[in-house]
Amino acid sequence: MQRYETQRRRTYIVRLMTAQLVITIVGMMVGYLLAHMPGVLSILLGALVALLPQAFFIQRMGILHAKRGTQGAMHLFRAEAGKFGLTVALFVAVFVVVPPSNPALFFYAYVAVVLTHWLTPWLIPKHANA
């Protein structure tokens, strides 16, 4: 049973990341049409600010590992706090070091990638007990 759950989690994560990659690529194409290369860079930065903390959370929680153990709520809170801190640090770094030329495209990309989680239940197979 544990092996099935691990495989199901991996499938979910792979499908989520694929959907987020597709959204990022489509956004980069739209950004190119609207603002050429500076628009593409803004979209890419927004997507990275959303994706890197998510990857940190997935790694920290051990979601893809078969033997997760009994991690409990405290482990979840620590992983989520780290994700939040990394998100804040990335926002600061982007706006201080490499300010996006089009902040609207930056935030559109960030929100689109973050909200992809709401669409992923449609990406999971309906036969959960198979």
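Residues numbered from 1 in each chain as written. Predicted model: local features only at pLDDT ≥ 70, side-chain atom pairs only at ≥ 80, totals over all residues. Heavy atoms only, no water.

## Thoughts on the packing of helix α2 (residues 72–97) against helix α3 (residues 103–114)
The interhelical angle for the contact between α2 and α3, taken along N-to-C directions, is 160°, at an axis separation of 13 Å. The angle between α2 and α3 falls in the class roughly antiparallel. Remark: the crossing between α2 and α3 carries right-handed chirality. Between α2, through Thr87, Phe91, Val94 and Phe95, and α3, the contact on the second element is made entirely by Phe106, Phe107 and Tyr110. Classifying every residue of the contact of α2 with α3 by side-chain character gives six nonpolar, one polar and no charged. (Axes fitted to C-alpha atoms, helices over the stretch in contact; angles between N-to-C directions. Helix = DSSP H or I, 4+ residues; strand = E, 2+ residues; numbered from the N terminus. Parallel < 35°, antiparallel > 145°, perpendicular 65-115°, else oblique. Left-handed = near helix turned anticlockwise from the far one by under 90°. Contact = heavy atoms within 4.5 Å. Nonpolar A, V, L, I, M, F, W, Y, C, P; charged D, E, K, R; others polar.)

## Overview of the confidence of the model for the protein chain
Reading fine detail from the predicted coordinates is not recommended where pLDDT is low. On average, residues of the protein chain score 87 in pLDDT, and 88% of them reach the 70 mark or higher. Ranking the elements of the protein chain by mean pLDDT puts helix α4 (residues 116–119) last with 84 and α3 first with 96. (pLDDT = per-residue confidence, 0-100.)

## Focus on α3
Compared with an ideal rise of 1.5 Å per residue, which puts twelve residues at 16 Å, α3 spans 16 Å between its outermost C-alpha atoms and is within 8% of the ideal. Every buried residue belonging to α3 is among Leu105, Phe106, Ala109, Tyr110 and Val113, and all of these are buried. Axial view of α3: buried residues confined to an arc of 135°, hence all on one face. (Expected span 1.5 Å × (residues − 1). Buried < 20%, exposed > 50% of the residue type's maximum accessible area, 1.4 Å probe, protein only. Arc of directions from axis to C-beta.)

## Description of a nonpolar patch on the surface
A cluster of nonpolar side chains, contributed by Leu41, Leu44, Leu48, Leu52, Phe84, Val88, Val92, Val96, Val97 and Val98, occupies part of the molecular surface with about 880 Å² of accessible area. At the level of secondary structure, the elements contributing two or more residues to the nonpolar patch comprise α1 (2–61) and α2. Ranked by residues supplied to the nonpolar patch, first place goes to α2 with five residues. Looking at where Phe84 falls in the secondary structure, it is placed in helix α2. (Patch = residues over 30% accessible without salt bridge, like charges linked within 9 Å, V, L, I, M, F, W, Y side chains within 5 Å. Areas by Shrake-Rupley, 256 points an atom, 1.4 Å probe, with all protein chains shown as cover. Salt bridge = Lys/Arg side-chain N within 4 Å of Asp/Glu carboxyl O.)

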